[in-house]
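Each chain, letter by letter, is given below.
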Amino acid sequence: MTSGSATATGSGGKRHAHATQILVVLALTNLVAYAARNALFVVVPTLKQRFGIDDAEVGLLQTVYMLPHAAATLPFGWAGDRYDRRRVIIVGMVLASFAGAAGALGHSYVGLSISRGLVGLGTAAVVPVANSILSEIFEGPHKASRLSIFNLGLFLGGVAGFAVGIAVGFPLVVIVLAVPAFALAAVLAGLDVPRHRTPPPDVVWYRYLAQVASHFLSEVYVLVRIRTLRWIIASATAMSFAGGGYTAWLKELLTREKHLSEKQASTLLALSLFGGLGGILTGGRVADMLRRKSISGRLWTSVIGMLCTIPCAALAIELPNSAALYVAGIATLYFFSWYHAPIAASVDDLAPPARSVAAQGLVIFTMHMVGTAPSSWVVGEVSQHTSLKIAMWVPTVALGVGAACMAIATTGFAADHKRARAGDRA
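Before going into details, it helps to say that this report is about the structure given with it. (Residues numbered from 1 in each chain as written. Predicted model: local features only at pLDDT ≥ 70, side-chain atom pairs only at ≥ 80, totals over all residues. Heavy atoms only, no water.)

### Things to note about the overall build of the protein
At step 1: Counting its secondary structure elements, the protein contains 19 helices and zero strands.
At step 2: When burial is assessed residue by residue, the protein has 57% of its 426 residues classed as buried.
At step 3: Sequence-distant contacts in the protein: of pairs separated by 6 or more residues, those separated by 24 or more amount to 85%.
At step 4: Counting every atom, the protein has about 17200 Å² of accessible surface; 68% of that belongs to carbon and sulfur. (Helix = DSSP H or I, 4+ residues; strand = E, 2+ residues; numbered from the N terminus. Buried < 20%, exposed > 50% of the residue type's maximum accessible area, 1.4 Å probe, protein only. Contact = heavy atoms within 4.5 Å. Areas by Shrake-Rupley, 256 points an atom, 1.4 Å probe, with all protein chains shown as cover.)

### A look at the side chain of Asp416
At step 1: Tracing the sequence through the fold places Asp416 in helix α19 (residues 413-425).
At step 2: In this view, Asp416 contacts Ile226, Arg227, Thr228 and Leu350; residues no more than four positions away in its chain are not counted.

### Things to note about the environment of Arg116
At step 1: Within the secondary structure layout, Arg116 lies in helix α5 (residues 109-123).
At step 2: Here the alpha-carbon distance between Arg116 and Ala36, two residues 80 residues apart in the chain, equals 9.3 Å.
At step 3: Apart from the residues lying within four places of it in its own chain, the contact partners of Arg116 are Ala36, Arg37, Leu40, Leu61 and Tyr65.

### Quick word on helix α13 (residues 297-318)
At step 1: With 22 residues, α13 should reach 32 Å at 1.5 Å per residue; the first-to-last C-alpha distance of 33 Å fits that figure.
At step 2: The sharpest bend along α13 comes to roughly 25°, located at Ile310, with the proline Pro311 sitting one to four residues further on. (Expected span 1.5 Å × (residues − 1). Bend = angle between axes of the 7 residues up to and from the residue.)

### Considering the nonpolar core
At step 1: Core analysis: the largest hydrophobic core is formed by 109 residues, its most contacted members being Leu26, Leu47, Ile89 and Leu229.
At step 2: Looking at which element gives the most residues to this core, the answer is helix α11 (residues 227-257), with eleven residues.
At step 3: Aside from chain neighbours lying at most four places away, what touches Leu26 is Ile89, Ala130, Ile133, Leu134, Phe150 and Leu188.
At step 4: Of all hydrophobic cores here, the second largest spans seven residues; its members include Tyr65, Met66, Ala96 and Ala373. (Core = buried A, V, L, I, M, F, W, Y, C linked by side-chain atoms within 4.5 Å.)

### Description of the environment of Arg85
At step 1: Position of Arg85 among the secondary structure elements: in helix α4 (residues 85-102).
At step 2: On the basis of relative accessible area, Arg85 is assigned to the buried category, the value being 3%.
At step 3: Separated by 44 residues in sequence, Arg85 and Val129 have C-alpha atoms that sit 6.3 Å apart.

### Focus: helix α18 (residues 393-409)
At step 1: Its 17 residues give α18 an end-to-end C-alpha distance of 25 Å, which sits within 8% of 24 Å, the value for a rise of 1.5 Å per residue.
At step 2: For α18, every residue scored as buried is listed here: Pro395, Thr396, Ala398, Leu399, Gly402, Ala403, Cys405, Met406 and Ala409.

All we've got here are geometric facts, nothing functional implied.
Okay, here's the thing in structure tokens:
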């Protein structure tokens, strides 16, 4: 009896260690992907001087990145439900690495834009597929907490991208960030990632392309019929618009409108991003705690986070350079970050059988295509015609929209979750 128990314990320990290893590698992959996404935000003066562009065109670079990034999440999600999920992520990261390094060779705004678009395309493979893998491995009451660790890559990647951009400048920054992406792709290739619960069909690539055309819209139709998922998508889109606007223009706000030095602005930005790290971890734990009290507790975590973010963001926009500005900036990203893990876990709870990756991809596709993609350009356009300080109120208003949509989503979550789980048992 004791021997059998010890064997079971040892087996459980190995499974836990293996799951942790997968979580760490995927979190690092997410970190590098976000570093590549954010690296150019701190070299805006260099970009303006080198390519002769204005605020709107700088903002458009992020839009060019996000459009293919958003468009690719659904096809990558479809592929992730049918093929080796590990290989799907590897293909995306290798593409992003080559494209990012190639961006250093361009001497025109068009060439840089093409490079950014291909980087966005490749990195689109990471989040929806990784969310599916981790949700399966860590299914249970601590799912959101574990997903919050994966989402640390979002803000750590922001810190890394900003740090490398400040340290080496453009164009070297895009080459430096390509190296760890290749390394992580190689490590991921050697990991034993769990296979699908239902083995995917063995389909060659040209048949895969034909199936994408015939099944893609039908699967999206199944997912968008879920009422709660529609409201979560609307909320996540508004939050993503806000996040994209803040991320792209925060440093410029600090230096241009509040007259902080480069060093002061970088310090505040780094502190705020670390506040975001704490927010991701807190949001995951609060979500799991509230989930034990209410079936829709994870969604209420996002509502609370957004409602706390709005006054902090307003203060960060209006306050002059002072200690209070630092507190407001850190608090803004701390509360804003609460929504990441709860949304990923809730989407998994609502996904029909065999469509978990596609559901994650649909949410990410919409939030990035309609939310993140235009946000930096919209803020840049408003800034061009008014001031950057006024323009930063646009994403702040979007936070209120996101909180309202998520509150509505809580009203139907229990019923839609029950239907999803009944289908899973069937």
